[in-house]
Amino acid sequence: MNLNFQFDGNMSRDVLESYLSRAVTASSLFETDTLEDDLRAIKRMGVKFIGRASGIWYMLENDAVHFAKSKALADAVHAQDPEIILQACVFEMITLRMNTQKIPAYVFEAFGKPVEDRCFRWEDARMVSENGDTNWSFPDGRDPGKCGAIPDLNRDEARMWFYYRATKYIDCGYEALHMGQIHIYTAEDRGMKKTYELFQMIRDYAAKNARRHKVLLDAHTHGVSVNGKLMFDYHAMPFTRAPLEHYEGERLVLVREGFSEGGENPNGWSGEQMPYLMEYDNWGGKMFGGTFEEAMAQRGRHQMARWQWWGYDQIGWFANQSEEVRNHFIEYTYRWTQINNPHAFFEMPFRRMLSDARVEMVRGDNGELGVNPYYQINNKSADCPMGFGQEDVMAACWEDGDRLREGYANPEHLIRYGCREQYDPETGFKLPEKVVVYGSFQPFVGCEENDSNSEVTRMYYVGDNTYTLSVVIPFAGEYNYAVSTYGTLSAVYTAHSYRAASGDGCKAHFTTPRDNCVVKFTFRYMDNKVTAEVVE
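Bear in mind that the values here come from a model prediction, so they are computed numbers and not experimental data. (Residues numbered from 1 in each chain as written. Predicted model: local features only at pLDDT ≥ 70, side-chain atom pairs only at ≥ 80, totals over all residues. Heavy atoms only, no water.)

**Student:** Please give an account of the overall build of the protein chain that cites residues and values.
**Tutor:** Helix and strand content of the protein chain: 14 helices and 29 strands. Its C-alpha atoms give the protein chain principal-axis dimensions of about 80 × 60 × 50 Å. Residue burial in the protein chain is summarised as follows: out of 536 residues, 56% are buried. Residue pairs at least 24 apart in sequence account for 70% of intrachain contacts in the protein chain once pairs closer than 6 positions are excluded. When the accessible surface of the protein chain is totalled, it reaches about 21,800 Å², and 46% of it is carbon and sulfur. One way to put it: in the protein chain the 57 positive side-chain charges average out to a point 2 Å from where the 77 negative ones average out. (Helix = DSSP H or I, 4+ residues; strand = E, 2+ residues; numbered from the N terminus. Buried < 20%, exposed > 50% of the residue type's maximum accessible area, 1.4 Å probe, protein only. Contact = heavy atoms within 4.5 Å. Areas by Shrake-Rupley, 256 points an atom, 1.4 Å probe, with all protein chains shown as cover. Lys, Arg positive; Asp, Glu negative; His and termini not counted. Charge placed at Lys NZ, Arg CZ, Asp CG, Glu CD.)

Shown next as structure tokens:
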């Protein structure tokens, strides 16, 4: 990929993908206490897109203070590198404290309403449900900024609130907005008609007022398309995992998934699949009380392994691993993302809230123990005394570039397998729709060992009698493999023979000389030829 970060107004696909290829998640960077070192790391690594840099879940301070802090961050970042895009968040949460925020005149005017001297009304913006499951708890004495509900974008008050917050971030210098879990707060907006109109209003505001006359919108979705026109510039989603119960430690592998809806992009160009970001998500830190060892003793290894990410949310698990495991998993995730979809990009964790999964560590300034409520990628130093130290491996990943994506990525359509109504041109023989590669390697890509019927290791038909599948094997070692059609073991194919075998005993082997190798399996059906190419 030839990186290009130049735009004004609409953004071409190559510019958008250039930014996504240099994206990090930096949650609430606007309130960091290590800004000087954060800016150093941003410059050193070549970051160009800073996700979640501002935004609120709980509304714990006056909006004037919040937006002043948000603007100060944007000014500092852009003074160092004016090409960087900062992203803010407008989440699926509104709190009682919105009742204290005056509605600016321009918001009424944008919605064609008479200007009033009043505050937003939480009661008129929230989702109403008979079973009450759209509200968060309201314990006695709780801060109104923490008492909230899901907004309902079928209601004017909620749309006005979203418009207000989006435009304020644009005024602060933010050129991207993450719109949270869109499928939750649009439940009453049939076909998302009103939401689509609202987002166009936000784009129109950005066209006049944004730094480069553009705001990028995304949400946690595989895509929203209305009459072939996409609601978002790109999509965003967390990873899915499978535990390695029988491997030392609390290890995980990522599971092949993901689809990013195609159509006409808001920037005017079209594609069968849109670019998207994948990230280590957070939703509460750890799910257990006490220490991990106590939880393991109480629940057992199997139950802990299957419980979220070993009892944590995604970033919580990652932060609580050793530095060696964190470094390994960053490289693994980067390679996995490139292999499993040529249009997916790994949004590296730069700063991420840990909640109850906060980590105790020795500080880099005074040698004393401290507790960091955030994961920070920075190398530990006096300027960032509780950095977790992954900036070197992250920089190395980006320096490695897109060679694996360009040479070995699976086809882009992750939901389309096999072939339909395909026939060998020489003999007229119909080719099988489902072909699976299986063996001892399967647990390391997220499925059961020797599962000849697995959807996870189902191969793609790429034409000319040929099926392929690329995987990332996280650990060096020797593995076996074979190929089955339609899951049956009555016709098994291996690299040992051009003839089909019966039963599960005959397998070929491959060796990965280092961790995180890519293996590309190829099967030519009419020739019965099976190969496994190992790529370091």
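**Student:** Pulling in residues and values, what's your account of empty space enclosed by the protein?
**Tutor:** All chains considered together, the criterion is met by five cavities of 30 Å³ or more. Taken as a whole, the largest cavity spans an internal volume of roughly 100 Å³. Taken together, Ile56, Trp57, Met59, Cys89, Val90, Phe91, Met93, Ile94, Thr95, Trp161 and Arg165 make up the lining of the largest cavity. Going through the elements one at a time, strand 3 (85-90), strand 4 (94-95) and helix 6 (156-171) are the ones with two or more residues in the lining of the largest cavity. (1 Å grid on protein atoms, 1.4 Å probe; cavity = no way out; pocket = protein on both sides within 12 Å on 5 of 7 lines; lining within 4 Å. Points joined across faces, edges and corners; volume = space filled by probe spheres on them.)

**Student:** Now, about the sheet that holds strand 22 (residues 460-463): what can you tell me, with residues and values included?
**Tutor:** The sheet built from four strands is open, its strands ordered 22-23-28-29 with antiparallel pairing. Pairing within the sheet leaves two strands with one partner each, and these edge strands are strand 22 and strand 29 (529-535). Averaged over all pairs of adjacent strands, the angle between their axes in this sheet comes to 25 degrees, without regard to strand direction. (Pairing = 2+ DSSP bridges. Axes fitted to C-alpha atoms, helices over the stretch in contact; angles between N-to-C directions.)

**Student:** Give me the packing of aromatic side chains: which residues, what numbers.
**Tutor:** Scanning all chains against the criterion turns up 48 aromatic pairs. Between the aromatic rings of Phe199 and Phe232, the centroid separation amounts to 5.8 Å while the plane-to-plane angle is 55 degrees, which identifies the pairing as tilted. Of the two residues, Phe199 is situated in helix 8 (residues 193-209) and Phe232 in the loop between strand 9 (229-230) and strand 10 (235-238); the sequence distance between them amounts to 33 residues. Phe232 matches Phe199 in its accessibility class, with the two residues each being buried. Where Phe239 meets Trp336, the ring centres are 5.8 Å apart and the plane angle is 70 degrees; that geometry is what we call edge-to-face. (Phe/Tyr/Trp six-rings, centres within 6.5 Å; stacked < 30°, edge-to-face > 60°.)

**Student:** Report on the pairing of strand 23 (residues 466-473), specifying residues and quantitative values.
**Tutor:** Judged by how many residues are buried, strand 23 sits mostly within the fold: eight of eight residues are covered. Burial of strand 23 is two-sided: the residues Thr466, Thr468, Ser470 and Val472 facing one way and the residues Tyr467, Leu469, Val471 and Ile473 facing the other way are all buried. Between strand 22 and strand 23, which pair antiparallel and follow one another directly, the connecting turn spans two residues, one of which, Asp464, has a positive phi of 55 degrees.

**Student:** An account of the layout of surface pockets is requested, with residue identities and associated values reported.
**Tutor:** Empty space within the largest pocket amounts to approximately 880 Å³. In this structure, the largest pocket is lined by 28 residues; those nearest its centre are Trp57, Tyr58, Phe91, Asn282 and Met353. Counting only elements with at least two residues in the lining of the largest pocket, the list comes to strand 2 (49-56) and strand 17 (348-353). In terms of residue class, the lining of the largest pocket is built from nine nonpolar, twelve polar and seven charged. Forming the walls of the second largest pocket are 19 residues, and the residues nearest its centre are Phe288, Phe292, Glu293, Tyr312 and Asn320. If you list the elements that add at least two residues to the lining of the second largest pocket, you get helix 9 (292-299) and strand 18 (359-362). Among the residues making up the lining of the second largest pocket, the classes are represented as six nonpolar, six polar and seven charged. (Nonpolar A, V, L, I, M, F, W, Y, C, P; charged D, E, K, R; others polar.)

**Student:** I'd love a proper account of the environment of Arg126, names of residues and values included.
**Tutor:** One can find Arg126 in the loop between helix 5 (122-125) and strand 5 (148-149). Here the alpha-carbon distance between Arg126 and Lys194, two residues 68 residues apart in the chain, equals 16 Å. Setting aside residues no more than four positions away along its own chain, Arg126 makes contact with Ile94, Asn135, Ala149, Ile150, Pro151, Asp152 and Arg155.

**Student:** Outline the environment of Phe7, supporting the account with residue identities and numerical values.
**Tutor:** Along the chain, the position of Phe7 falls in the segment before helix 1 (13-20). Note: C-alpha distance between Phe7 and Arg212 (205 residues apart in sequence) is 7.1 Å. Dropping the residues within four chain positions of it, Phe7 is found in contact with Val15, Tyr19, Ile85, Glu175, Arg212 and Lys214.

**Student:** Tell me about the nonpolar core, and please be specific about residues and values.
**Tutor:** Ranked by size, the top nonpolar core spans 142 residues in total, and within it Ile50, Met179 and Phe199 carry the most contacts. The dominant element in this core, judged by the number of residues it contributes, is helix 6, at nine residues. In terms of nonpolar packing, the next biggest core, distinct from the first, is built from 18 residues, Phe5, Ala23, Ala176 and Met274 among them. (Core = buried A, V, L, I, M, F, W, Y, C linked by side-chain atoms within 4.5 Å.)

**Student:** Outline the pairing of strand 18, listing residues and values.
**Tutor:** Alternating positions in strand 18 separate cleanly, Val359 and Met361 being buried on one face and Glu360 and Val362 remaining unburied on the opposite face. Summarising the sheet, strand 18 and strand 19 (residues 369-372) pair through four bridges and their orientation is antiparallel. Bridge pairing links Met361 to Gly370 in strand 19. The antiparallel hairpin formed by strand 18 and strand 19 contains six residues in its connecting segment, where Gly367 sits at a positive phi of about 75 degrees.

**Student:** I'd like a rundown of the pattern of salt bridges, residues and numbers included.
**Tutor:** Any two side chains of opposite charge can pair if their charged atoms end up close together. Inspection of every chain in the model, using the stated rule, returns 35 salt bridges. One salt bridge in this structure joins Asp392 and Arg44, with 2.7 Å as the shortest N-O distance. Of this pair, Asp392 sits in helix 13 (residues 391-400) while Arg44 is found in helix 2 (residues 35-45), placing the two residues 348 residues apart along the sequence. Judged by relative accessible area, Asp392 falls into the partly exposed class, the value being 41%. When the shortest N-O distance is used, the salt bridge between Arg405 and Asp402 registers 3.3 Å. Here Arg405 falls in the buried class, since its relative accessible area comes to 12%. By relative accessible area, Asp402 is classed as buried at 12%. (Salt bridge = Lys/Arg side-chain N within 4 Å of Asp/Glu carboxyl O.)

**Student:** A description of the sheet that holds strand 7 (residues 216-218) should follow, citing residues and the corresponding values.
**Tutor:** Each strand in a sheet pairs with its neighbour through backbone hydrogen bonds, running either in the same direction (parallel) or in the opposite one (antiparallel). Strand order in the open sheet made by the seven strands is 7-6-3-2-1-17-20, with mixed pairing throughout. On the outer flanks of this sheet lie strand 7 and strand 20 (374-376), each paired with one strand and no other. Ignoring which end each strand starts from, the neighbouring axes of this sheet average 25 degrees apart.

**Student:** Which residues make up the packing of helix 12 (residues 323-340) against helix 13, and what values do they have?
**Tutor:** The N-to-C vectors of helix 12 and helix 13 enclose an angle of 25 degrees; their axes lie 9 Å apart at closest approach. Classified by the interaxial angle, the pair formed by helix 12 and helix 13 is roughly parallel. Classified by chirality, the crossing of helix 13 by helix 12 is right-handed. Residues Asn327, Ile330, Glu331, Tyr334 and Arg335 of helix 12 touch helix 13, and the partners they reach there are Val393, Met394, Cys397, Trp398 and Asp400. (Parallel < 35°, antiparallel > 145°, perpendicular 65-115°, else oblique. Left-handed = near helix turned anticlockwise from the far one by under 90°.)

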